Structures are given as structure tokens and as C-alpha cells.
Amino acid sequence: LFIYLFIYLFIYLQEFRVMFKNIHSIPDLRQQFLVAKYKYKYLNDSHSLPLYRYQVDVLMLNPTDLVWFFEYASNGHDKKSEEDCKRLIKQYMISNYNDSNGNATELKDKDGVNGVTERIGAPQDLDLLQESESKTEPEYLMSYEGFVLMMSNPADNDIGDPKYLKHIFQEMCKPLSHYFISSSHNSYLLGNQLVSSSSPDAIKNALLRGVRVIELDSYNGSNGRPNVTHGNTACGTITFEQCILAIEKYAFETTEYPCIITIENHCSREQQKVQVEIMEAILGEDMLRWDGVPNINADVEAMSENSLREFGMQEWMSPEDLKRKYIIRDKVYKRVTKDDRRKRAQKLKEIKNEESEDKSSVDDGLSGGTTTTNTMVQTPEEPKSPNEASTTRDNRNGSTDSDDTSDDNNDTDDNDSAEKPNKNNLHGVCKELLRLIYIKNVSLPLHITNENNRGGPERVEFHEPPYVCSSSINEDKMLKITKSGNSIAATNSYSIRHLIRVYPSGKRVDSSNYDPIPAWNSGCQIVALNYQTFSMPVWLNHGKFLYNGGCGYVLKPSAMTSAVRIGMRKKASADGGLEFKDNNNSSDVPHRNVFKKKFGDSFKGIVPELGHLPWDPYDLNRFQEQRRVFSITIISGHYLLKTNKSVSRPLVQVALHGISADCKSFETKQAKQGFKASWSESFTFTTHFTELALLSFVVRNESSTGAVAGQKVIPLDAVRPGYRVIPLLSEDCTPLDHSFLFCHFQWLSK
């Protein structure tokens, strides 16, 4: 008996599961359907809707109805042709439905052809059918069921416009510094920054999510081959070769645009040579072999290490030029490792011995009555960093950022030496590696001072390096130099030609993340985030780089790259001082008084183009003409389940991220259940600069801090107005099957 009972219950539960899976959670669009059919009649008449419920069973939409509905729902932004609507009608034509008793009922026209006007056995009221319907060809009529399927299908009705998200539409021939680039921090780690494992899988996961900048911290291996680990921690270790193999396998799985390998290199010269051998063997011809000289045909073999350091390109190549290329980013001036110091000391000892022998020879010659010239053997002076001299001068008048040579100077992995970079310890890069470094990482040539040295507002100025290069700063320094006015304008000015990489503070040992928005707003291109932890910063990064076909490179707004450059200094003048750039001495310059009032003397010598201003996202006066208002209504949610697949009681958090004046957030009420949640709550936002704006949706269970049931971030410029589907992603940015929000997005002003 118990066996039979068990079998019966098992079969019953299996049937229940099958039945449950077949239940569709779809939006209730009867009101929208009737609006499409009768135009405006039921727009604000939701109370009378139940009286006309049966109409959706007998009415059909023709192409003209759909054309009108799409334009109405998007406030004139979504204008489809009749041919587009005919295609949609054919695509969502349904030949079989279940009637109210669960019996299959076929849709037939009067001649018995599938897919037309009337539903057999359904109540009919010919008075409700418009005259235009009888004149429309039967094959171009859409039922309510087809309408719902069309509206809830992300393939055709995703809130994200496929022409922006599925295709590379931006110009890709600009210099590399004109693009934001998707980047990860300590890309080899699987967890926190102290005790987690290192794995090629972490690199694989980042690359498959569209990341284009992979960071490797490399140290000497005991077997003579370099390793990758987070130094001075208990994190696991993997070989440098394993990392390069993972990069080679997955770098171009999602996009063909260049993969940048940034190396925080703590290896000796000998193991740097091994690094080069590994990269050349695995990456082969796809590795960029630009040799760092102005003339590509120059005799590189004959060049000294110092020449390789000091020469550089005057302009970056473009992402299009660098397609399917691996690019090396590393420091050209580096602290000497212990192994190199030991070898250098041995060499100096040998030189001193040679000097002693020479001196003895001279003494012997003199004692023998013969005169011999004593030639002193000198060690070559180590090269100075391009910014070292200017840094020394600046220390007399203000503060500089001379310790940013290391990518992670505040992190725990950069404490192997307490020395500061100087002319005696900056020779730690071998010639073989120098020849592969296309993106030269140098100390940020930054000068911060107080106006008039009287405690006034801080002023930020940059020295113009002799070639295009890259610099790294942590999140705290980034926030310090991206304040309103001169600071952020000067930072953006520097980033027009040079790359700025921002990385998390060393205090974030839990692999948490900082807000990337201020860094993007100031022009920083490489905003490195911990992809070990998934939260809003990583979701924002993932959403931002969905733009431009998800290729990992997003063109900066022209307002940033064409902005007037201020706060930039020339190289040292003949008298040892520093001078501002001076493009024109004319005093009759448009907006000159406005510049001087706002930016002070730091605009000296700058001639603004008519209509152009220094970049300052905090200055709303410059954005008034671009001010736009939009509303979004969260209508319903579907398959919003908890992590254990049980039904949740969700709420939705909607937020706009961008320049400070745009940032705003709202939250819906808590729904009764998540299988088919209902809200119909509307929120209004104002944006002043859509090109930097991101719209985020986060579904949480039970409360504002509850578990995440789904999320989605989309660039505001890519949002399609109208009734739309928002497909949801999990916390780690992978798609959630069937989970989506249904919403209505509308621009209220242009």
C-alpha cells in the first residue's frame, strides 16, 4: 500500500511540475490592446475595462493599428512602417489556442484558412469590428495572444535598442585615449585580496564578460620562471604562462578589439626575459611588436635601453588599427629587484677591482720611470624618468604625485622595497621587455597647489609628457583631482591625449568596489574594478560596455574630447621654470572673461574655440540646452524568484547614474508575489547629459536591502521608448531564464 501511495504521489508531483512549467507568466495587456484598436478610448478608462474584457477574444489588430500604437506608446519616437508591422503580424500569427475549457481551438477565416479573424465558439459582436478590419487581408491580422507574445518577447521588444547594443556603430579609428575601456583589477584572483585562490578561470570569466584590460601581478618564480600572485598576502600562486594561455584562448571570444595586458612587474631582468619568451611563444604574431621608436624602420637592435624608454609615440593607434592584437602595458622606469641589486653590486665590485688594478699599473709605471695616463672607469648614470626633473622643481611650490609609478602603490603587494624611484634604482627593465611595451606606464605628472598658497581652492595642473603614455592612480587620488572647476577640467584635458587608469584602494581587501561614475565623468579611460565581487559598480561597468555592440570600447562624448584644454604645462623652459601652453596671444577671445572668472590663471594662453568650453560636468549652465525629462512606469514583473527558486515578494529599485545633477533613484512598493508581480508605478527623471547616463533596475526580495532577484543596467542613449521588456540578469551578470520586467518608457521633453 505504501509503495503504491509513494508511486502515486511521485507521478502526481511530476505532473504538477509539468503543469507548473506550462503556466506562462505574461503581462496583462488588455488595456493596451484596446487602446491600439480603438485609439484613446480606453486610455484612462481602466474602470470600464472589465465590461469589455470579452472583446480581446474577438478583436484583431491590423497593420495600421500597430503603426499608430507604436508611435503613440513612444511619444512619436518609434515610427514603424506598415511593412514592419505586417512582418510582426506574420511572425506572431498563432494557429492553435486553448479555449476556456482547455480544448484546442483553431483560428480560421471564413474560407477555412488558418490564422484569421474569428475564433470558433467565441462570442461575437460585429458592431465592435471596425470597418477597416473587413477590408484588411486576413493574413495581416493580429490576435490578442499574438499581441501579448510580441510585446513580451525580448528578441523584438527589448528595452535596449539592438542597433546600439548588438552592433558596433561608433567610429573606431580615433586614438586609443578617446575611448572608455572595460577593465578589471587583479584579474587572476577568484575572491578577496588576502587569502583567495589565483586561477586562469578568473581571467577567462573576465574576458567572457567583455573585459579588455587584464591585470597580472608578476613575481620571480623559484624555478626561474615567473609566477602571478598578489604579493605579500596568502593568496594562491599560478604561473605567468598559465595566465597568458588563458588570455590567448579567450581574449577574442566576445570581441575582436585589442586586449591590453597590464603587468605589475616585480620580476628580475632575467625572469622578465622569460616573460617575453612566454608571450612571444604563445601570443605569436598577434602580439603588438611596436618597438617604441618614432621611426618604425629604425635600427632597434642598435638602440640603448635609455633610448627605448625615452622615445614614444606622439599619438595612439586606434582600436581599429589594433584589432586582434595583444598590447603590453608596463612601467619603463621600475624599481630594481633584490636580485638585480645583488648583480649590480657584484658588477660594481668588479669595476672597483679593475680600477685598483689600473692604479697599481700606473704606480708601477711611475716607479719604473714611465708616464701612463690613468683613465677612470665610471658606471653609466641611470636614466631619469621623463617627469623626474619637473617633479623636483614642483616640490618647491606645491605637492606632486611622484609615488604613483606603481600601479598599486597603496596596495599590500608593492611593499617589497621602501625606496622611492630615483636615478640610482630605476634601471630594472630589460631591453627585450622594453621593446614590447606599447603603453608606457609612468608616474602621473600631476601638480596640486592651493591658489596663492593661502588655503584657497586646490588647483590641479599636469605636465605634458614627451610622448603619449599611461598613468595609474587609486580611487582616493581620483576623487581628489576630479572636483568641480579647474580640477576636473584639467584631468579631462590630460586624458584627451594620455591614458589614466584608476584602481581600488588597498583597503578593499574584501574585493569590494568603488563607484566608477566619477572616474568616467572626469575622462579616466581605464576604470579597473574587482570582478571577484558583483555589486552595483560591476553592474554599471557591464551595462556601460553593452554599448557599441559590447566590444569593450566606448567612444567618449565629443564634448569631452573636443573640450578646451586647461591646466596643462609645457616641458621645462630654459630658465628652469615651467610655462603654460600658449596657442595665441590675442586678447580678443570669445568667452575669455568667463574662463578667467571660473578657472582663474590656469586658462592662461588657452584660446577656446567658439562654442567650446573646458569640461566641467558640475556646471549645469553648459547643459541646459541638453536637458531632457523622461518617465518610466514599472508595470509588472515575471518569474522573479529567490536564489533558492522559491517565489519572492519583490520590489524594484530604479536609478539614474551620470553627472551629479542627473543622479536620482526611486523604489516601488513590495509586490505580493514574484511569479507575476504587479506595480504600475511611474517615476520621472531629469537628465542633462544622456551620453554619460546609465539607467539601472535592481529587483530585491522583501526589502530595500534584501537578496537580489535580478538586475539590469543599460545606457540611457540605448533605451527604446514605448512598452518594453527588461530582461533580467543575475548578480554575476549572466541571463536569468524567463525573468523580466515589463515597463513603459517615455520621453516627456526633447
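Just so it is clear, the model here is predicted, and its values are computed rather than measured.

> When you look at the overall build of the protein chain in this model, what are you seeing that I'm missing?
Regarding its fold elements, the protein chain presents 21 helices and 26 strands. The long-range fraction of contacts in the protein chain, counting pairs at least 24 apart against all pairs at least 6 apart in sequence, stands at 73%.

> I would appreciate a short explanation of the pattern of salt bridges in the present structure.
Once the charged atoms of two side chains with opposite charge are near each other, the side chains can pair. The tally for this structure, following the rule as stated, stands at 15 salt bridges. For Asp732, the salt bridge goes to Arg209, with nearest N and O atoms at 3.9 Å. In this pair, Asp732 sits in the loop between strand S25 (722-729) and strand S26 (735-747) while Arg209 sits in the loop between helix H9 (200-208) and strand S5 (213-219), placing the two residues 523 residues apart along the sequence. By relative accessible area, which is 28% here, Asp732 ends up partly exposed.

> It is not clear to me how the confidence of the model for the protein chain should be interpreted in this structure. Could you clarify?
Atom-level detail of predicted coordinates should not be read off regions where pLDDT is low. In the predicted model, the protein chain carries a mean pLDDT of 78, and the fraction of residues at 70 or more is 68%. Low pLDDT (under 50) marks residues 18-22, which in the prediction has 1 contact with non-local residues, meaning those over four places away or in another chain. Taken as a whole, residues 96-136 scores under 50 in pLDDT and shows 70 contacts with residues more than four places along the chain or in a different chain.

> For this particular structure, what's the right way to read the layout of surface pockets?
If a probe the size of a water molecule is rolled over the atoms, the empty space left behind becomes visible. Taken as a whole, the second largest pocket holds about 1,200 Å³ of empty space. Contributing to the lining of the second largest pocket are 50 residues, with Gly160, Asp161, Pro162, Leu165 and Lys166 lying nearest its centre. Elements with a minimum of two residues in the lining of the second largest pocket: helix H4 (82-91), helix H6 (144-151), helix H7 (154-157), helix H8 (162-165), helix H19 (536-544), S25 and S26. In terms of residue class, the lining of the second largest pocket is built from 23 nonpolar, 12 polar and 15 charged.

> Is there a simple way to explain the packing of aromatic side chains in this structure?
Aromatic rings considered in pairs are described by the distance between their centres and by the relative angle of their planes. Taken as a whole and assessed by the stated rule, the structure comprises 28 aromatic pairs. On the basis of an interplanar angle of 55 degrees and a centroid distance of 6.3 Å, the ring pair of Phe69 and Tyr72 is categorised as tilted. One end of the pair, Phe69, and the other, Tyr72, are both in helix H3 (residues 63-73), 3 residues apart, so they sit about a helical turn from each other. Considering the side-chain rings of Phe745 and Trp747, the 5.5 Å spacing of their centres and the 85 degrees angle between planes classify their relative orientation as edge-to-face. The same class applies to Phe745 as to Trp747, namely buried. In textbook terms, an aromatic cluster arises when at least three aromatic residues are bridged by ring pairs, as seen for Phe33, Trp68, Phe69, Phe70, Tyr72, Tyr144, Phe147, Tyr723 and Phe742.

> Please clarify how the nonpolar core should be interpreted in this entry.
Across soluble globular proteins, nonpolar side chains have a tendency to be buried as a group. Ranked by internal contacts, the top residues of the largest apolar core, which has 112 residues, are Leu216, Ile244, Ile247, Met279, Leu695 and Phe697. Look past the residues within four positions of Ile247 in its chain and what remains in contact with it is Ile203, Leu207, Ile214, Leu216, Cys259, Ile261 and Tyr326.

> So what exactly am I meant to see when it comes to the packing of helix H10 (residues 240-250) against helix H11 (residues 269-283) here?
Packing of H10 against H11 brings their axes to within 10 Å, and their N-to-C directions diverge by 25 degrees. Taken as axis vectors, H10 and H11 run roughly parallel relative to one another. For the crossing formed where H10 meets H11, the hand is right-handed. Contacts between H10 and H11 involve Phe240, Glu241, Ile244, Leu245 and Glu248 from the first element and Gln275, Ile278, Met279, Ile282 and Leu283 from the second. When grouped by side-chain class, the residues that make up the contact of H10 with H11 number 7 nonpolar, 1 polar and 2 charged.

> Looking at this structure, how should I read helix H17 (residues 486-497)?
Side chains that are three or four residues apart share a direction in an α-helix, a result of its 3.6 residues per turn. Judged by how many residues are buried, H17 sits mostly within the fold: 11 of 12 residues are covered. Every buried residue of H17 is listed here: Asn486, Ser487, Ile488, Ala489, Ala490, Thr491, Asn492, Ser493, Tyr494, Ser495 and Ile496.

> It is not clear to me how the environment of Ile473 should be interpreted in this structure. Could you clarify?
In this fold, Ile473 is placed in strand S14 (residues 470-474). For Ile473, a relative accessible area of 0% puts it in the buried group. For the pair Ile473 and Pro504, spaced 31 residues apart in sequence, the C-alpha to C-alpha distance is 9.0 Å.

> Sorry, what's going on with the pairing of strand S8 (residues 259-265) here?
Within a regular beta strand, the side chains point alternately toward one face of the sheet and then the other, so they alternate between its two faces. With 7 of 7 residues buried, S8 lies mostly within the body of the structure. Residues Cys259, Ile261, Ile263 and Asn265 line one face of S8 and the alternating positions Ile260, Thr262 and Glu264 line the opposite face, and both faces are buried. Where S8 and strand S9 (residues 326-331) come together, 4 bridges link them in parallel fashion. Bridged to Cys259 within S9 is Tyr326.

> Is there a simple way to explain the packing of helix H2 (residues 30-38) against H3 in this structure?
Two measures define how a pair of helices packs: the angle their axes make with one another and the distance between the axes. In contact at an axis separation of 8 Å, H2 and H3 are set at 115 degrees when each is read in the N-to-C sense. Where H2 crosses over H3, the handedness of that crossing is right-handed. Note on element contacts: H3 touches H2 through Asp65, Trp68, Phe69 and Tyr72, opposite Gln32, Val35, Ala36 and Lys37. By residue class, the composition of the contact of H2 with H3 is 5 nonpolar, 1 polar and 2 charged.

> Just checking my understanding: could you explain the state of the cysteines for this structure?
As used in these notes, a disulfide is a covalent bond between sulfur atoms, one from each of two cysteines. Enumeration according to the criterion identifies 0 disulfides in this entry. Considering cysteine sulfurs only, Cys430 is the nearest to Cys267, which forms no disulfide, with 10.0 Å between them. The buried category is assigned to Cys267, whose relative accessible area is 0%.

> What is the right way to read H10 from this model?
Where H10 is concerned, the buried positions are Phe240, Cys243, Ile244, Ala246, Ile247 and Tyr250. Seen end-on, H10 carries its buried residues on one side only, within an arc spanning 160 degrees.

> Got a minute to help me understand unusual backbone geometry in this structure?
In terms of backbone geometry, most residues other than glycine have negative phi values and most peptide bonds are trans. Although it is not a glycine, Asn75 adopts a positive phi angle of roughly 55 degrees. Position of Asn75 among the secondary structure elements: in the loop between H3 and H4. What makes Asn75 partly exposed here is its relative accessible area of 38%. With phi around 45 degrees, Asn186 is a residue other than glycine that occupies positive phi space. You can see Asn186 is positioned in the loop between strand S4 (179-184) and H9.

> What's the story with a nonpolar patch on the surface in this structure? I'm lost.
Judged by side-chain polarity, Phe2, Leu5, Tyr8 and Leu9 come together as a nonpolar surface patch covering roughly 490 Å² of accessible area. Tracing the backbone through its elements, the reader meets Leu5 in helix H1 (residues 2-22).

> What exactly am I supposed to notice about the side chain of Asn62 here?
Structurally, Asn62 is set in the loop between H2 and H3. Exposure remark for Asn62: the relative accessible area of 3% places this residue in the buried category. Within polar-contact distance, the side chain of Asn62 engages the backbone nitrogen of Thr64 at 3.0 Å.

> In this structure, what is going on with the pairing of strand S24 (residues 708-715)? I would like to understand it.
Among the 8 residues of S24, 8 are classified as buried, and the element is accordingly described as predominantly covered. Pairing between strand S23 (residues 694-701) and S24: 7 bridges, direction antiparallel. Bridge pairing in S24 places Val698 opposite Gln711. Hairpin connection of S23 to S24: 6 residues between the antiparallel strands, including Glu702 at a positive phi of 70 degrees.

> Hey, could you run me through the environment of His744 in this one?
Residue position: His744 is located in strand S26. For His744, a relative accessible area of 12% gives the class buried. Sequence separation of His744 and Ser682 is 62 residues, and the distance between their C-alpha atoms is 8.7 Å. Not counting chain neighbours up to four residues away, the residues in contact with His744 comprise Ala73, Ser631, Ile632, Thr633, Ile635, Gly722 and Tyr723. From its side chain, His744 meets the backbone oxygen of Ala73 in a polar contact 2.7 Å long.

Definitions and cut-offs
Residue indices follow the written sequence of each chain, beginning from 1 at its first position. The model is predicted, so local features are restricted to residues of pLDDT at least 70 and side-chain atom pairs to those at 80 or more, both for listing and for counting; the totals for chains, interfaces and linings are taken over all residues. Side-chain metrics in this entry use all non-hydrogen atoms of the structure; hydrogen atoms and water are not considered. Segments assigned H or I by DSSP are reported as helices when at least four residues long, segments assigned E as strands when at least two residues long, and all are numbered from the N terminus. Contact criterion: two residues are considered in contact whenever any of their non-hydrogen atoms come within 4.5 Å of each other. Salt bridges are counted wherever a side-chain nitrogen of Lys or Arg sits within 4 Å of a carboxyl oxygen of Asp or Glu. Relative accessible area decides the class of each residue, using a 1.4 Å probe on protein chains only: under 20% of the type maximum gives buried, over 50% gives exposed, and in between gives partly exposed. Confidence scores here are pLDDT values: one per residue, from the predictor, ranging 0 to 100. Only protein atoms enter the 1 Å grid used here. Points where a 1.4 Å probe fits but cannot escape make up a cavity, open sets with protein on both sides within 12 Å along at least five of seven lines make up a pocket, and a residue lines them when an atom lies within 4 Å of a point. Grid points are joined across faces, edges and corners, and a volume is the space filled by probe spheres set on the points. Each residue is assigned to one class: nonpolar for Ala, Val, Leu, Ile, Met, Phe, Trp, Tyr, Cys and Pro, charged for Asp, Glu, Lys and Arg, and polar for all the others, Gly among them. In this analysis, rings of Phe, Tyr and Trp, with Trp reduced to its six-membered ring, are considered paired at centre separations within 6.5 Å, and the interplanar angle assigns stacked below 30 degrees, edge-to-face beyond 60, and tilted for intermediate values. Buried Ala, Val, Leu, Ile, Met, Phe, Trp, Tyr and Cys residues form a nonpolar core when they are joined through side-chain atoms within 4.5 Å. Fitted lines through C-alpha atoms serve as axes, helices being fitted only where they are in contact, and the angles separating the N-to-C directions of these axes extend from 0 to 180 degrees. Here is the rule for angles: anything less than 35 degrees is roughly parallel, anything more than 145 is roughly antiparallel, 65 through 115 is roughly perpendicular, and the remaining ranges are oblique. By definition, turning the near helix anticlockwise from the far helix through less than a right angle yields a left-handed crossing, and turning it clockwise yields a right-handed one. A pair of strands is treated as paired once DSSP finds two or more bridges between them. Cysteine sulfur atoms are paired as a disulfide whenever they come within 2.5 Å of each other. Relevant arc is that of directions from the helix axis to the C-beta atoms, nothing else. Each patch groups residues whose relative accessible area exceeds 30% and which form no salt bridge, using 9 Å between like charges and 5 Å between nonpolar side chains of Val, Leu, Ile, Met, Phe, Trp and Tyr. All accessibility values rest on the Shrake-Rupley procedure with a 1.4 Å probe; residue burial counts only the protein chains present in the view. Each polar contact in these results corresponds to two N or O atoms within 3.5 Å; when the atoms are within protein, one needs to be able to donate a hydrogen and the other to accept it, and residues that are neighboring in sequence are counted only if both atoms are side-chain atoms.

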